[in-house]
Amino acid sequence: MKKIIILIAVITLSVSASAREYSYEKDILYKGSPDAYTEKMCRIDVAYEKGGEKRPVIIWFHGGGLTKGKRSTPEALQKNGAVVVGVGYRFVSEVSIPETLDDAAAAVAWTLKNIEKYGGDLSKIYLAGHSAGGYIVNMIGLNKEYLAKYDIDPDRQIAALVPYSGQVITHFAQRRKQGIPELTPTIDHLAPLYFVRGDAAPMLIISGDRELELYGRYEENAYFVRMLKLNGHRNVTFYEVDGFGHSDMKNPGHLLLLKYIKNAESAQ
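Residues numbered from 1 in each chain as written. Predicted model: local features only at pLDDT ≥ 70, side-chain atom pairs only at ≥ 80, totals over all residues. Heavy atoms only, no water.

### What about the overall build of the chain?
Then step 1. Helices and strands together make up the secondary structure of the chain, namely 8 helices and 8 strands.
Then step 2. For 268 residues, the compact-globule estimate of 2.2 N^0.38 gives 18 Å, and the C-alpha radius of gyration of the chain, at 17 Å, lies within 12% of that figure.
Then step 3. Seen through its C-alpha atoms, the chain measures out along the principal axes to roughly 50 × 45 × 30 Å.
Then step 4. When each of the 268 residues of the chain is scored for burial, the buried share is 56%.
Then step 5. Across the chain, every contact between residues at least 6 apart in sequence was considered, and the portion connecting residues at least 24 apart equals 77%.
Then step 6. Just so you have it, the chain exposes about 11700 Å², and 49% of that area is on carbon and sulfur atoms.
Then step 7. Taken together, the 33 basic and 31 acidic charged side chains of the chain have centroids lying 2 Å from each other. (Helix = DSSP H or I, 4+ residues; strand = E, 2+ residues; numbered from the N terminus. Rg over C-alpha atoms; globule rule 2.2 N^0.38 Å. Buried < 20%, exposed > 50% of the residue type's maximum accessible area, 1.4 Å probe, protein only. Contact = heavy atoms within 4.5 Å. Areas by Shrake-Rupley, 256 points an atom, 1.4 Å probe, with all protein chains shown as cover. Lys, Arg positive; Asp, Glu negative; His and termini not counted. Charge placed at Lys NZ, Arg CZ, Asp CG, Glu CD.)

See the structure below:
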């Protein structure tokens, strides 16, 4: 397969070095329910710079195979005044994947309704996440039915989809439920590849080193990018981060995301 990108051997992206003082609002319930598990898991944390206005907003979905992990507002993303929203969601050990994806869509809806009071700009909403979080970003960004339930059009209201090492075939947590081995790929309505289209929001897709990634995740994403382009998508950027594996590619990924946002603002 033809190589699509240039390997990144050393990350030297420049981000503002000036220290910024962030404030935090934590444990915000974004999805009401009589169910105790929903009330426990469907919470948001917001990191923001007091006094900020018209700042980009990064909605961050954590990884963990859809079965574990914890919401966070990565400190590395708290640069240049960006508002960072860390999303918790229910795990597929307790609910179905569509229910988890509905949680994610509800979190985006909460953000769009409330983020201006934290200095966020509704025209600069970025959906980002690592691994399972990247899968979530791809699914709710490409399958419009999840956000449409909350009257949101991701093609118009999301500045970019930014999956870090996201699964694009049917997620292995679902295949495990079906008794399908992790190395046996399937593509169905729970696979981002099923929904590739040319009119989606801009995308920044990031993979770790192809020799260090999880289960061929680089090759999955390379094919994903090719299919997006063949379907007419003209705003896809793809990076492979040389020397970083699945778990440790997040920090260089954060730098790439911040640079992407900075370039987008410079182009306006």
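### Quick word on the packing of aromatic side chains
Then step 1. Tallied over the full model, the rule gives 6 aromatic pairs.
Then step 2. For the ring pair Tyr-48 and Tyr-118, a centre distance of 5.0 Å and an interplane angle of 65° mean the geometry is edge-to-face. Of the two residues, Tyr-48 is situated in strand β2 (residues 43–49) and Tyr-118 in the loop between α2 (97–114) and β5 (120–130); the sequence distance between them amounts to 70 residues. The same class applies to Tyr-48 and to Tyr-118, which are both buried. (Phe/Tyr/Trp six-rings, centres within 6.5 Å; stacked < 30°, edge-to-face > 60°.)

### Details of the layout of surface pockets
Then step 1. One number sums up the size of the largest pocket: a volume of about 170 Å³.
Then step 2. What lines the largest pocket is Ser-123, Lys-124, Tyr-126, Ala-159, Ala-160, Pro-202, Asn-235, Tyr-260, Ala-264 and Gln-268.
Then step 3. Residue assignment for the lining of the largest pocket shows that the elements contributing at least two residues are β5 and α8 (250–267).
Then step 4. Looking at the lining of the largest pocket element by element, the count peaks at 3 residues for β5.
Then step 5. Here the residues of the lining of the largest pocket are counted per class, giving 6 nonpolar, 3 polar and 1 charged. (1 Å grid on protein atoms, 1.4 Å probe; cavity = no way out; pocket = protein on both sides within 12 Å on 5 of 7 lines; lining within 4 Å. Points joined across faces, edges and corners; volume = space filled by probe spheres on them. Nonpolar A, V, L, I, M, F, W, Y, C, P; charged D, E, K, R; others polar.)

### Let's talk about the packing of α2 against helix α3 (residues 132–142)
Then step 1. The contact between α2 and α3 brings their axes to 10 Å, and the two run at 80°. Compared by their axis directions, α2 and α3 come out roughly perpendicular. Where α2 approaches α3, its residues Ile-97, Thr-100, Leu-101, Ala-104, Ala-105 and Val-108 are matched on the opposing element by Tyr-135, Ile-136, Met-139 and Ile-140.
Then step 2. Tallied by class, residues from the contact of α2 with α3 come to 9 nonpolar, 1 polar and no charged. (Axes fitted to C-alpha atoms, helices over the stretch in contact; angles between N-to-C directions. Parallel < 35°, antiparallel > 145°, perpendicular 65-115°, else oblique.)

### Focus on the sheet that holds strand β4 (residues 83–87)
Then step 1. Taking strand neighbours across the sheet as the criterion, the 8 strands line up as β1-β2-β4-β3-β5-β6-β7-β8 in an open arrangement whose pairing is mixed. Lying at the two open borders of the sheet, with one neighbouring strand each, are β1 (22–29) and β8 (236–241). Geometrically, the sheet is characterised by an average inter-axis angle of 15° between neighbouring strands, direction not taken into account.
Then step 2. Where strand β3 (residues 55–61) meets β4, 5 bridges bridge the pair, whose relative direction is parallel. Of the residues in β4, the one forming a bridge with Phe-61 is Val-87.
Then step 3. Running over the sheet, α3 touches β3, β5, β6 (160–164) and β7 (203–208) and is turned about 130° from β5. (Pairing = 2+ DSSP bridges.)

### Brief notes about the nonpolar core
Then step 1. Among the nonpolar cores identified, the biggest contains 61 residues, and Val-46 and Val-108 are the most heavily contacted of them.
Then step 2. Here this core takes 10 residues from α2, the largest share from any one element.
Then step 3. Each residue touching Val-108, except ones within four places of it in the same chain, is listed here: Ile-59, Phe-61, Leu-127, Ile-140, Leu-147, Ile-152 and Ile-158.
Then step 4. Listed in part, the 21 residues of the second largest apolar core include Ala-128, Ala-160, Ile-206 and Tyr-260. (Core = buried A, V, L, I, M, F, W, Y, C linked by side-chain atoms within 4.5 Å.)

### Remarks on the environment of Leu-161
Then step 1. With respect to the secondary-structure elements, Leu-161 resides in strand β6.
Then step 2. Remark: the alpha-carbon pair of Leu-161 and Ile-140, spanning 21 residues in sequence, is separated by 9.5 Å.
Then step 3. Once residues within four sequence positions are removed from consideration, Leu-161 is found in contact with Leu-127, Val-137, Gly-141, Ala-201, Pro-202, Met-203 and Leu-204.

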